[in-house]
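Descriptive structure summary
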Amino acid sequence: MTRIVTVGAGQLGPIARDEPREDVVRRLITLLEQAAERSCELLVFPELALTTFFPRWYTDDVTEFDHYYETQMPSPATQPLFDAARRLGVGFCLGYAELTPEGRRFNTYVLTDRTGTIIAKFRKVHIPGHDEHEPERPFQHLERRYFEESHEGFPVWQAYGGIVGMALCNDRRWPETYRVMGLRGAEMILIGYNTPLHYSPDPEQNALQAFHNHLVMQAGAYQNGTWVVGVAKGGIEEGVDSLSQSSIIAPSGQIVAQAISGGDELISVRCDLDKCAKYKHTLFDFDRYRRPEAYDVITHRTSPVTSPPSDELTVDPDEILIVRDDEGEGAAKPAAATGADAKEQP
Ligand code: CDT
């Protein structure tokens, strides 16, 4: 069986601080038109696709940045994108900063159908960075000042002939993001990102940004038997160089298409959603092989266990692995050998 959905990743290059929404929307429509030429049914745009990545700047009064937020979707400025979707028959997924009537601020993704009607909304769960000005940084990452965390979790939706979920940028680094959607049957996960190449808290990670980006998305795809569409806003935006390398990843974990520029670029793949079942029904047959009772700390703790309380780490002396001969007679490996698999070696 095949269930084909042709999906595009609409990578964006930099958006200038003073670039009008109308100009950005024109860029999005150009990508949507290219997607239609390639017979895409769905085009995925990045996180905060309507504005520059404004959390790189500090302002005392957050409301001074209200012009970066959308108070309605569609709005007069974004309506032409929705009209283009309807005209072309190509749906889209769009990231933007959302300001609610109650004054709440979210980092948001919406998904439309092929008529340009919004059918799903996701708000970013893992908000990275910091909330106060840190002058020692070459640029700020103040997402925690400008957005609150969503407590709506990671829902999935019936769309495009399959089960579709969404995540935003830092969400992609957390295995739970994919697993929660995997448990809900996700067959395609749409992820937009803005990832500066320079990571102030540990610049040793700078050279690994591209590796880590693909590492997490490929693992998430494979371990949950789902397609992943990862879409960047990349290039040098207001002096800050950000990762590009948008990619479309199969349920095997293989990258099947990858952007090669740091600018506006469309990549597309005919994705067979039925490929997901191969992984969901074999190695990652959750029903058969998952052991939730062994994972309890995952939902009960946020911080690691640094010094385990005695009720969490019990070492039964009879279960200590005794290593003989090759590692020295009688040498013991207590911590590594606790649990049901620990046995005395013959
Ligand atoms: N936008 C976003 O979430 N970016 C983060 C940057 C690293 S945290 C400062 C990311 O996880 O890619």
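Right, let's walk through the structure included here. These figures come from a predicted structure and were not determined experimentally.

With that settled, consider the pattern of salt bridges. Enumeration over the complete set of coordinates arrives at 20 salt bridges. Among the salt bridges present, the one from arginine 3 reaches glutamate 187, with a minimum N-O distance of 2.6 Å. With arginine 3 in the segment before strand 1 (4-11) and glutamate 187 in the loop between helix 4 (175-183) and strand 9 (188-193), this pair connects stretches of sequence that are 184 residues apart. Residue classification places arginine 3 among the partly exposed residues on the basis of a relative accessible area of 27%. The network of salt bridges with common partners includes Glu98, Lys121, Arg123 and Glu152.

A surface patch of nonpolar side chains, amounting to about 270 Å² of accessible area, comprises Leu208, Phe211 and Leu215. One can find leucine 208 in the loop between strand 9 and helix 5 (209-224).

Attention now goes to the sheet that holds strand 8 (residues 162-168). Pairing is mixed across the open sheet formed by six strands, whose spatial order is 7-8-9-10-13-14. Because the sheet does not close on itself, it has two edges, and the strands there are strand 7 (156-159) and strand 14 (255-258). This sheet shows a mean twist of 20° between the axes of neighbouring strands, independent of strand direction. As defined by bridge partners, strand 9 adjoins strand 10 (residues 227-232) across six bridges and the pair is classed as parallel. When the sheet's bridge partners are listed, glycine 192 is paired in strand 10 with valine 231. Running over the sheet, helix 4 touches strand 7, strand 8, strand 9 and strand 10 and is turned about 160° from strand 8. Across the sheet, helix 5 lies against strand 9, strand 10, strand 13 (247-249) and strand 14, angled at about 30° from strand 13, the strand it touches most.

What follows covers the packing of helix 1 (residues 21-37) against helix 2 (residues 79-88). Running from N to C, helix 1 and helix 2 point in directions that differ by 10°, and their axes come no closer than 9 Å. Between helix 1 and helix 2, the angle is such that the two are roughly parallel. Residues Val25, Leu28, Ile29, Leu32, Glu33 and Ala36 of helix 1 form the contact with helix 2, whose own contacting residues are Pro80, Leu81, Ala84, Ala85, Arg87 and Leu88. Residue composition of the contact of helix 1 with helix 2, grouped by class: 10 nonpolar, no polar and two charged.

This part is about the site of the ligand. Taken together, 13 residues lie near the ligand, and Lys124, Cys169, Asn170, Arg173 and Thr195 sit nearest. Within the contact set of the ligand, a nitrogen atom lies 2.9 Å away from a side-chain nitrogen or oxygen of glutamate 143. Within the backbone of asparagine 194, an N or O atom sits 3.1 Å from a nitrogen atom of the ligand. When the ligand is considered free in solution it has 350 Å² of accessible area, and contact with the protein chains removes 93% of it. When each cavity is represented as a set of grid points, the ligand is found to reside in the second largest pocket. Looking at side-chain class alone, the shell around the ligand contains four nonpolar, four polar and five charged residues.

What characterises a pair of aromatic rings is the spacing of the ring centres plus the angle enclosed by the ring planes. This structure, assessed with the given rule, holds 13 aromatic pairs. Ring centres of phenylalanine 65 and tyrosine 68 lie 5.3 Å apart, and the angle between their planes is 85°; on these two criteria the pair is classed as edge-to-face. On the numbers, 4.9 Å between centres and 75° between planes, the contact of phenylalanine 82 with phenylalanine 92 is edge-to-face. Of this pair, phenylalanine 82 sits in helix 2 while phenylalanine 92 is found in strand 4 (residues 91-99), placing the two residues 10 residues apart along the sequence. The rings of Phe54, Phe65, Tyr68, Tyr69, Tyr146 and Phe147 are connected pair by pair, giving a single aromatic cluster. For arginine 56, the ring lying beneath its charged end belongs to tryptophan 57, and the centroid distance is 5.2 Å.

Here is what the cut-offs are and how they apply
All residue numbers here refer to positions counted from 1 along the written sequence of the relevant chain. A pLDDT threshold of at least 70 governs which residues receive local features in this predicted model, and a stricter bar of 80 or more applies before side-chain atom pairs are shown or counted, although totals over entire chains, interfaces and linings include all residues. By convention in this description, side-chain values take in all heavy atoms of the structure and omit both hydrogens and water. Should a side-chain nitrogen of Lys or Arg be within 4 Å of a carboxyl oxygen of Asp or Glu, the pair is scored as a salt bridge. Helix and strand labels come from DSSP, where a helix needs a run of H or I of at least four residues and a strand needs a run of E of at least two; each type is numbered from the N terminus. We call a residue buried when its accessible area falls under 20% of the maximum for its residue type, exposed when it is over 50%, and partly exposed in between, using a 1.4 Å probe and counting protein chains only. Each patch is built from residues that are more than 30% exposed by relative accessible area and take part in no salt bridge. Like charges join if they lie within 9 Å; nonpolar side chains (Val, Leu, Ile, Met, Phe, Trp, Tyr) join within 5 Å. For every accessible area listed, the method is Shrake-Rupley and the probe measures 1.4 Å; residues are considered covered only by the protein chains on display. For two strands to count as paired, DSSP must find a minimum of two bridges between them. Fitting a line to C-alpha atoms yields each axis, with helices limited to the stretch in contact; the angle taken between N-to-C directions then spans 0 to 180 degrees. Two residues form a contact once any of their heavy atoms are found within 4.5 Å. For classification, angles of less than 35 degrees are called roughly parallel, those exceeding 145 degrees roughly antiparallel, those between 65 and 115 degrees roughly perpendicular, and all remaining angles oblique. Think of it as three bins: nonpolar holds Ala, Val, Leu, Ile, Met, Phe, Trp, Tyr, Cys and Pro, charged holds Asp, Glu, Lys and Arg, and polar takes everything else, Gly as well. Here a residue is considered near a molecule or strand provided that any single heavy atom belonging to it is located within 4 Å of it. Distance and chemistry together define a polar contact, namely a pair of N or O atoms within 3.5 Å, with one atom able to donate a hydrogen and the other to accept it when in protein, and with adjacent residues in sequence counting only for side-chain atoms on both sides. Using a 1 Å grid laid over the protein atoms alone, points where a 1.4 Å probe fits but cannot get out form a cavity; open sets with protein on both sides within 12 Å along at least 5 of 7 lines form a pocket; any residue with an atom within 4 Å of a point counts as lining. For a molecule to be placed in a cavity or pocket, more than half of its atoms must lie within 2 Å of the grid points of that cavity or pocket. Any two of the Phe, Tyr and Trp rings considered here, Trp counted by its six-membered ring, make a pair once their centres fall within 6.5 Å; the pair's planes then place it as stacked at under 30 degrees, edge-to-face at over 60, or tilted in between. Remark: a charge is flagged as sitting over a ring if the NZ atom of Lys or the CZ atom of Arg is within 6 Å of the ring centre and within 35 degrees of the ring normal.

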